[in-house]
Every structure is written in C-alpha cells, then in structure tokens.
Amino acid sequence: MNNIDIVMQDAREAFESFRLLSPSERSSFLQKLAAEIEAARETLVQTAHEETNLPLPRLNGELSRTTNQLNLFARLIEEGSWVEAAIDTADKNRTPPKPDTRKMLLPVGPVVVFGASNFPFAFSTAGGDTASALASGSSVVIKGHSAHAKTSQLVFEAMQKAISKAGIHPFTVQHVLGSGSTVGKALVQHPLTAGVGFTGSFAGGKALWELANQREQPIPVFAEMSSINPVVLLQHTLQENAAALAKTYAASICLGMGQFCTNPGLLLAVKSDALDQFLTLLGKEIEQTAPQKMLHSGIHASYTKGLSEVLAQKGIEKIAQSAQQPGNGEAFPTVAKVNASVFMQNPHFREEVFGPYSLAVVCADKAELMNVLQSLKGQLTTTIMATDADVEANADIIALQTTLAGRIILNDVPTGVEVCASMVHGGPFPSTTDGRFTSVGTTAIKRWVRPVCFQGFKDTMLPDALKNNNPLHIWRIVNNEWTKNGI
Ligand code: NAP
C-alpha cells in the first residue's frame, strides 16, 4: 500500500464511525473545532501573514469568518431539517398496495478538499468545504496549499485537538501536503474518495474534474474556478453618482490586490458623457492605489503575464495604472477600456486576469450591451448599478443576468460573500463545475450527500430522522404536508 492508500483507507474507516454520530455529537465536534482554532488565533494569523503577505486585520477577519462558519454548520445540523426527510406511509387498500417509503439525505463518504491559496483560513484547511463535508457526516482529507503550508499544518493541529477532545475517530480529518500533480491527483483517483472540493484556477479545477470523470467510478468534483463578474452601470446612476461609484469600484477592484474570485473584472455601460466622467474618476482612484505584494510568486507571475497579454490586444486603451511602480512581487493596479464591437471579436477579453485589473466595455447602445452580456461564459456574480427608474426601464437586462450567474447584486460590489443560508457562491460553467450548488453558506452541505429511500422498514430499523415519533423534532414532509408532528 502506498501512502495515499493508507490515508484513504483510514478516511474510509473514520467515515464508517463518524457518519453514525448523532447530529448533536457532530454539532458539538464542529463547535470544538471552532474553539480550538480560536484558541490558536494569534499564532495562526501571524503565520498566515508571513506566508501570504495578507494584512493582519484581513486575516483576523477571515479567521473569525472561519469559526463562525463552523458554528453555523453546527447549528444547522442541530436543527436538523436540512436532511430533507420525507415520509409516505403505506396504504394496503390501494390497488396496487402503496408501500411505506421514507427518504433522507445521507453523507457520501470521504471527501478530499484542496485548500485555496487566496483564503488561507476560510477556503482552506478548516474552511467552507471542510466544514460542510464534516457537517454532512463525511470524513475529510485536506490537500493543503503549498503557498501557506505552515498555516495549513497549524490549523490541522488545532483540528486534531478538537478530534481528541470530542473522542471521535482520529482519522476523521487528515492533512496531506505535496504537489497537486502527484499527491492531489492520487487523492482524486483513489477509489475510496467519494467527492472533491476545490477553489483555484480554471486549469487546476478542470484537470481534477477530468481525472474524476475518467475513474472507473466517476465522482463529483465541486470546483470553483474563474469568473470576471460583469458589472452593468446604467445611465441615471452614472449621471447622479459618478464620483461615489468611482471610489467604490476602485476599492473593490483593488481589495486584497484583486485576489478574490468575485473581483469586478468587467464594467459594462452605454457610451455617454457621464460614463467618460466615471472612467476618468476611476482612473484617478486607481492612480492613487499603491501596489502591494501578491499571495505568491506563481500568482504574481500569472497576473503580470495576463495583464501584459491583455494590454497588448488590438483596440484596448489603458485608462490608468497605479502612479507608484510595483516592487518585487507586487501587483500593478490597472484599468483599461475597449469598445464593445472590439470586445465581441476577441475572446481574450473574456478571460480572468486574477489581480487588481478591470476592463470597461463601452457599448454603442443597450442592444449592444445585451449582446456583450450574452457572449459571456458562466459567472459567480453579476452586478447592476442603477436607480429605481433605471431598474424599471431595464428588466430585460436583469432577466438576462439571472441566466448568467449564481448571484445578482443591485447597487453594491461583488467582493464580499456573506456566509448564510441564502448565499449562492456558484454559477454556470466555467465559474464552477456544477452550477446547481454553492460553496458558501449552509446549502454547501448538499454537495456531500445523496438521497436514500428506505422502503418497507420497521420503525426501530430506521434512522432517527425518519422514525414515526420524530425524535429529532425536525421539519419533515409527511404524506405531502410539512410538519414536526409524529405519525
Ligand atoms: P491552482 O494552481 O489551481 O492550485 C490550487 C490547488 O490545486 C493546489 O493545491 C494545486 O497543487 C492543485 N492543482 C493545480 N493544478 C492541478 C492539477 N493539474 N492536478 C492536480 N492538482 C492540481 O491555484 P492557485 O495556486 O491558488 O493560483 C493560481 C491561479 O489560480 C491564480 O493565478 C488565479 O488565476 C487562480 N485562482 C483563482 C481563484 C478563484 O477563486 N477563482 C482563487 C485562487 C486562484 P500545487 O500547488 O501542487 O500545484
């Protein structure tokens, strides 16, 4: 047996016992995870700061988001209705007789999570993929990101303390480090792996998704990959709010040096004096933004290459760059513009340039703006900046936007993803490999379960969620009615 074999055998063994824990035992374990990570806050944040160049306040906020996320999933499974229990009782008098059937969601088994480079806490070792998989009852194997390997190891050590305090199987969570093309590949290909969570590049996510589909038994890969998050700026709001919009959007484009999957990479508007004024003011804001170090040399190299390639395309015009030249490893905040007719001819403009860059697309009229929107691939978000009158006059644009992305934002910025029940952080391919799911918020748990129907079972043989007297007191659909009552 090689090392990955041992890891996956252990993960499978842990799954067999972890999935049998009661919801309150699993909930208590998630709370212990949050507490141990909180207890290690100072060391974790300092280590992540040294490894990722991200500022301390941002990392402190991200760590809080991570522990809040674990506690949110703890409450979700304590409440219990997420299992979607449905019961249809037998009717022996019907012809043919109707059987007793009862359905609920059950965990799929060991899940492999790839840590993301741009969120060392919230999308990595104990981040959303791990929290949701553990909440579902699956064991987890984490492939830590090499750009913050020490942080990942320290978070894992905090998780091990929680495992020990909870007295659960020691291999409920495991952590491996190493290259994606060897270790990562072997984890995805291993026959005991039942699902994969990933956040990163399109090339990486697609490669893992293909590997999973080439297996003898294909498994789902939930990869969150690339998105340019188009923002539509409508006429009246540009006329009324140009200066405020310029400030807000410059800040969003450069937040975290643009290293967010929700970075507003495309600004669409119909040509007008108000648009010209907005773009001039946006350029001034960008000039005043200082370059900062990116997460790692690979991301920096990829941004520098992507930026120079896009700026070399025919018809693009640079609006502004930071007035300060970037130092070693630092990104160069940049905004540019292009006419929609040129944009439509060149697919290069639709590619993600991961960093503090945004492209304004100047459209001749509304019809051309809608053509541009229609030409885009699937996105995580799309935004509309508009007055009420603008919204009323442009319902067709909003209708089009709902087909394009998982989240539509009115009069705000796409950066910043709230962790809550109503959040959708997902979208049509290639923003993710499966637009029916979200990787943020409580419904992220649905990626790691499948529905199972129990037919003809005696009450004592059923899982608690499906027993007649509803011992978990959860909402269920019983004979087509929502109820918490027993049968
Ligand atoms: P990445 O290169 O996709 O790597 C993410 C993880 O996947 C790493 O653990 C990596 O392992 C592994 N991996 C990548 N390619 C693989 C393959 N072919 N087979 C097996 N495993 C593979 O992402 P990154 O390092 O975070 O950043 C690189 C680029 O990704 C950025 O420049 C940016 O364009 C994009 N990115 C996008 C988002 C987003 O949210 N949309 C977030 C972060 C980054 P190794 O480290 O060993 O390669």
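Residues numbered from 1 in each chain as written. Predicted model: local features only at pLDDT ≥ 70, side-chain atom pairs only at ≥ 80, totals over all residues. Heavy atoms only, no water.

Asker: Teacher, can you tell me more about the site of the ligand here?
Answerer: Around the ligand there are 25 residues in total, and Ser 117, Gly 180, Ser 201, Met 225 and Cys 261 lie nearest to it. For the ligand, an oxygen atom lies 2.9 Å from a polar atom in the side chain of Lys 143. At 2.6 Å, a side-chain N or O of Ser 201 approaches an oxygen atom of the ligand. Look at the ligand: alone it shows 870 Å² of surface, and the protein chains cover 81% of it. Counting residues per element, the ones that place at least two in the shell around the ligand are helix 7 (180–189), strand 6 (195–199), helix 8 (202–214) and helix 11 (297–311). At three residues, helix 8 tops the list of elements feeding residues into the shell around the ligand. A class-by-class count of the residues in the shell around the ligand yields eight nonpolar, 14 polar and three charged. (Near = heavy atom within 4 Å. Polar contact = N/O pair within 3.5 Å; in protein donor to acceptor, adjacent residues only side chain to side chain. Areas by Shrake-Rupley, 256 points an atom, 1.4 Å probe, with all protein chains shown as cover. Helix = DSSP H or I, 4+ residues; strand = E, 2+ residues; numbered from the N terminus. Nonpolar A, V, L, I, M, F, W, Y, C, P; charged D, E, K, R; others polar.)

Asker: Just checking my understanding: could you explain the sheet that holds strand 17 (residues 481–483) for this structure?
Answerer: Ordered in space as 15-2-1-16-17, the five strands form an open sheet in which the pairing is mixed. The open sheet terminates on both sides in strands that have one partner only, identified here as strand 15 (449–455) and strand 17. Geometrically, the sheet is characterised by an average inter-axis angle of 25° between neighbouring strands, direction not taken into account. Pairing between strand 1 (residues 86–88) and strand 16 (residues 476–478): two bridges, direction parallel. In the sheet register, Ala 86 faces strand 16, and the bridge partner there is Ile 477. (Pairing = 2+ DSSP bridges. Axes fitted to C-alpha atoms, helices over the stretch in contact; angles between N-to-C directions.)

Asker: It is not clear to me how the packing of aromatic side chains should be interpreted in this structure. Could you clarify?
Answerer: Two aromatic rings are characterised by how far apart their centres lie and by the angle between their planes. Scanning all chains against the criterion turns up 10 aromatic pairs. Centre to centre, the rings of Phe 18 and Phe 29 are 5.9 Å apart; their planes meet at 85°, and the pair counts as edge-to-face. Placement of the pair is Phe 18 in helix 1 (residues 3–18) and Phe 29 in helix 2 (residues 23–39), with a sequence separation of 11 residues. For Phe 18, a relative accessible area of 1% gives the class buried. Note on Phe 29: relative accessible area 1%, which makes it buried. On the basis of an interplanar angle of 45° and a centroid distance of 6.4 Å, the ring pair of Trp 209 and Phe 429 is categorised as tilted. Taken together, the positions of Trp 209 in helix 8 and Phe 429 in the loop between strand 14 (405–410) and strand 15 put the pair 220 residues apart, joining distant regions of the chain. Classification of Trp 209 by relative accessible area gives partly exposed; the value is 31%. Members of the aromatic cluster, connected to one another through ring pairs, are Phe 119, Phe 123 and Phe 260. Its end group placed over the ring of Phe 119, Arg 58 keeps NZ or CZ at 4.8 Å from the ring centre. (Phe/Tyr/Trp six-rings, centres within 6.5 Å; stacked < 30°, edge-to-face > 60°. Buried < 20%, exposed > 50% of the residue type's maximum accessible area, 1.4 Å probe, protein only. Lys NZ or Arg CZ within 6 Å of the ring centre and 35° of its normal.)

Asker: I would appreciate a short explanation of the packing of helix 4 (residues 56–79) against helix 5 (residues 128–136) in the present structure.
Answerer: When two helices pack together, their arrangement is given by the angle between the helix axes and the distance between those axes. Running from N to C, helix 4 and helix 5 point in directions that differ by 20°, and their axes come no closer than 10 Å. Here helix 4 lies roughly parallel to helix 5, going by the angle between them. Crossing handedness for the pair helix 4 and helix 5: right-handed. Here Gln 69, Leu 70, Phe 73 and Ile 77 of helix 4 lie close against helix 5, whose contacting residues are Gly 128, Ala 131, Ser 132 and Ala 135. Of the residues contributing to the contact of helix 4 with helix 5, the split by class is five nonpolar, three polar and no charged. (Parallel < 35°, antiparallel > 145°, perpendicular 65-115°, else oblique. Left-handed = near helix turned anticlockwise from the far one by under 90°. Contact = heavy atoms within 4.5 Å.)

Asker: Even after reading the chapter, I still don't get helix 4, so can you show me in this structure?
Answerer: With 24 residues, helix 4 ought to run about 34 Å at 1.5 Å a step, and its terminal C-alpha atoms sit 35 Å apart, in line with that. Residue Gly 80 follows helix 4 closely and has a positive phi angle near 95°. (Expected span 1.5 Å × (residues − 1).)

Asker: It is not clear to me how the environment of Gly 426 should be interpreted in this structure. Could you clarify?
Answerer: Along the polypeptide, Gly 426 turns up in the loop between strand 14 and strand 15. Here the alpha-carbon distance between Gly 426 and Glu 287, two residues 139 residues apart in the chain, equals 32 Å. When near neighbours in sequence (up to four residues on either side) are disregarded, Gly 426 contacts Gln 379, Leu 380, Gly 406, Ser 431, Thr 432 and Phe 437.

Asker: Mind showing me how you'd approach the nonpolar core here?
Answerer: Where a protein is soluble and globular, its nonpolar side chains tend to be buried together. Formed by 114 residues in total, the largest nonpolar core has its most connected members in Phe 278 and Leu 282. Those residues in contact with Phe 278 that sit more than four places away from it in its chain are Leu 233, Leu 238, Ala 242, Leu 245, Ala 246 and Leu 267. Counting 20 residues, the second largest nonpolar core, distinct from the first, contains Val 141, Val 188, Phe 198 and Ala 212. (Core = buried A, V, L, I, M, F, W, Y, C linked by side-chain atoms within 4.5 Å.)

Asker: I tried to follow the pattern of salt bridges on my own but got confused; where do I start?
Answerer: Side chains carrying opposite charge are able to pair once their charged atoms draw close together. Per the stated rule, a full pass over the model turns up 15 salt bridges. The residue Glu 16 makes a salt bridge to Arg 19 at a minimum N-O spacing of 3.2 Å. Several salt bridges share partner residues, and in doing so they unite Arg 12, Glu 16 and Arg 19 into one network. (Salt bridge = Lys/Arg side-chain N within 4 Å of Asp/Glu carboxyl O.)

Asker: What is the right way to look at the sheet that holds strand 5 (residues 173–176) in this model?
Answerer: Spatially, the five strands line up as an open sheet ordered 5-4-3-6-7, and their pairing is parallel. Two strands in the sheet have a free side with no partner beyond their single neighbour: strand 5 and strand 7 (221–224). Sheet twist, expressed as the average angle between the axes of neighbouring strands with direction ignored, equals 15°. Of the strand pairs in this sheet, strand 4 (residues 140–143) and strand 5 are connected by four bridges, and their pairing is parallel. The partner of Val 141 across the bridge, within strand 5, is Gln 174. Packing of helix 5 onto the sheet brings it into contact with strand 3 (111–114), strand 4, strand 5 and strand 6, and relative to strand 4 it is tilted by some 170°. The sheet contacts of helix 7 involve strand 3, strand 4, strand 5 and strand 6, and relative to strand 4 the element is tilted by about 165°.

Asker: Before we go on, may I ask you to explain the environment of His 145 in this structure?
Answerer: Along the chain, the position of His 145 falls in the loop between strand 4 and helix 6 (149–166). In sequence terms His 145 and Thr 387 are 242 residues apart; their C-alpha atoms lie 43 Å from each other. His 145 has contacts with Gly 115, Ala 116, Ser 117 and His 296, leaving out every residue within four places of it along the chain. In this structure the side chain of His 145 is engaged in a polar contact, spanning 3.0 Å, whose partner is the backbone nitrogen of Ala 147.

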